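Below, each chain spelled out in residue letters.
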Amino acid sequence: MDNKDNVNPTIINPSDLPSRRRSAPTTKRVGLFDSLAPAYPSLAEPLSSPEASEASLSDDEEAEEIDEQEVYDLISTISDPEHPLSLGSLGVVKLEDIAILPPTSARSRISTVTVLVTPTTSACSLTTVIGLGVKVRLVNALPPRFRIDVRIKPGTSSTAGEVNKQLGDKERVAAAMENKSLVNVVNQMLATCE
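Bear in mind that the values here come from a model prediction, so they are computed numbers and not experimental data.

(A) Structural view of the overall build of the protein chain. The number of helices and strands found in the protein chain is six helices and three strands. Order of helices (α) and strands (β) in the protein chain, N terminus to C terminus: α-α-β-β-α-β-α-α-α. Scored against the burial criterion, the 194 residues of the protein chain give a buried share of 37%. Look at the contacts in the protein chain between residues 6 or more apart in sequence, and 72% of them connect residues 24 or more apart.

Shown next, in the form of structure tokens:
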């Protein structure tokens, strides 16, 4: 994009960003989706009885704890559509602007992840696209027991009300993801995710 809203944004040094990630690789790198993929038994392992598989299924149903740091690690590496930097480096997403709310009733298992996005300028024209990228990343990376709520931080954008209405409407998000050029922009943003 040639016409940048904020040609000189504040840039945070990546080493100063909060992260739980290790700098040295381990012997087997655990993939982002490894815990979501079903574990298929190898031919060397004896087959288990149906009762044993039911017991392991109930163990898997116990929710793995996901905290704000893990959510931040998922979205901080998304690249900005306007600048060749990550949303974490630009301060667009911050650890203190992420909250995980427990289920609203005892019968519900759905927790809510709320992310407040801070645009680099109050007149940022790509605020909706950035919010959409964050929402898509979290919907794809987190288990379905999480409801994703991405909003613009109050007082940081002149179009926050409009953008929040768009990001909060499932039908508008689905329609946006049918637009090929918008999907390409979001895919480019997410290509840098670790």
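(B) Fine view of the sheet that holds strand β2 (residues 111-117). A sheet is described by the order of its strands in space; here three strands give the open sequence β1-β2-β3, paired in mixed fashion. Each edge of the sheet is formed by a strand with only one pairing partner; in this case those strands are β1 (98-101) and β3 (146-152). Mean inter-strand twist for the sheet, computed between neighbouring axes without regard to direction, equals 15°. Where β2 lies against β3, seven bridges are found, and the strand directions are parallel. Counted as the bridge partner of L116 is R151 from β3.

(C) Representation of the packing of helix α3 (residues 127-141) against helix α6 (residues 180-190) in the model. Viewed as axis vectors pointing N to C, α3 and α6 meet at an angle of 65°, and their least axial separation amounts to 10 Å. The pairing of α3 with α6 is recorded here as roughly perpendicular in orientation. Note on packing geometry: the crossing formed by α3 with α6 is right-handed. In this structure, α3 contributes V129, I130, L132, G133, V136 and R137 to the contact, and α6 contributes L182, V185, V186, M189 and L190. Partitioned by chemical class, the residues of the contact of α3 with α6 number nine nonpolar, one polar and one charged.

(D) The arrangement of the pairing of β3 in detail. Of all seven residues in β3, five are buried; the element is thus mostly enclosed. Crossover handedness for the path β2 to α3 to β3: right-handed.

(E) Layout of the pattern of salt bridges. Counted according to the given criterion, the structure contains three salt bridges. Between K153 and D97 there is a salt bridge whose closest N-O contact spans 3.3 Å. With K153 in the loop between β3 and α4 (160-168) and D97 in the loop between α2 (68-75) and β1, this residue pair connects regions lying 56 residues apart in the sequence. Residue D149 pairs with R151 through a salt bridge whose shortest N-O separation is 2.9 Å. Of the residues examined, D149 reaches a relative accessible area of 11% and is grouped as buried.

(F) Here's a closer look at the layout of surface pockets. Size it by volume and the second largest pocket reaches roughly 370 Å³. Taken together, 17 residues line the second largest pocket, and the ones lying closest to its centre are K135, R147, I148, D149 and K170. Elements with a minimum of two residues in the lining of the second largest pocket: α3, β3, α4 and α5 (170-176). Counting residues per element, the lining of the second largest pocket draws most heavily on β3, which supplies six residues. Taken together, the residues of the lining of the second largest pocket sort by class into 10 nonpolar, two polar and five charged.

(G) Geometry of the nonpolar core. In this structure, I75, V115, V134 and L138 are the most contacted members of the largest nonpolar core, which totals 39 residues. Contributing elements (two or more residues each) for this core: α2, β2, α3, β3, α4, α5 and α6. Among the elements that line this core, the one with the most residues is α3, at seven residues. In this view, V115 contacts V71, I75, D97, I98, V134, L138, D149, V150 and R151; residues no more than four positions away in its chain are not counted.

Rules of the game
Think of each chain on its own: its residues are numbered from 1, step by step along the sequence as written. Reporting of local features is limited, given that this is a predicted model, to residues whose pLDDT is at least 70; pairs of side-chain atoms are given and counted only at 80 or more, and all residues count toward the totals for whole chains, interfaces and linings. In computing side-chain values, all of the structure's heavy atoms are included and hydrogens and water are not. Secondary structure counts use DSSP, requiring at least four H or I residues in a row for a helix and at least two E residues in a row for a strand, with both numbered from the N terminus. Exposure classes here rest on a 1.4 Å probe applied to the protein chains alone. A residue is buried below 20% of its type maximum, exposed above 50%, and partly exposed in between. Residue contacts follow a heavy-atom distance rule, with two residues in contact if any of their heavy atoms lie within 4.5 Å. Pairing between two strands is assigned when DSSP locates at least 2 bridges connecting them. Only the stretch in contact is used when a helix axis is fitted, and all axes are lines through C-alpha atoms; the angle between N-to-C directions ranges over 0 to 180 degrees. For classification purposes, angles smaller than 35 degrees are called roughly parallel, those larger than 145 roughly antiparallel, those between 65 and 115 roughly perpendicular, and all remaining angles oblique. In this scheme, a crossing is called left-handed if the near helix is turned counterclockwise away from the far one by less than a right angle; it is called right-handed if the turn is clockwise. Polar here means any residue outside two lists: the nonpolar Ala, Val, Leu, Ile, Met, Phe, Trp, Tyr, Cys and Pro, and the charged Asp, Glu, Lys and Arg; Gly therefore counts as polar. With the strands pointing away from the viewer, any crossover whose connection runs clockwise from the first strand over the helix to the second is right-handed. Put simply, a salt bridge is a Lys or Arg side-chain nitrogen that is within 4 Å of an Asp or Glu carboxyl oxygen. Every definition here rests on a 1 Å grid over the protein atoms only: cavities are sets of points where a 1.4 Å probe fits but cannot get out, pockets are open sets enclosed by protein on both sides within 12 Å along at least five of seven lines, and lining residues have some atom within 4 Å of a point. Grid points are joined across faces, edges and corners, and a volume is the space filled by probe spheres set on the points. The set of buried Ala, Val, Leu, Ile, Met, Phe, Trp, Tyr and Cys residues whose side-chain atoms join them within 4.5 Å is what this entry labels a nonpolar core.

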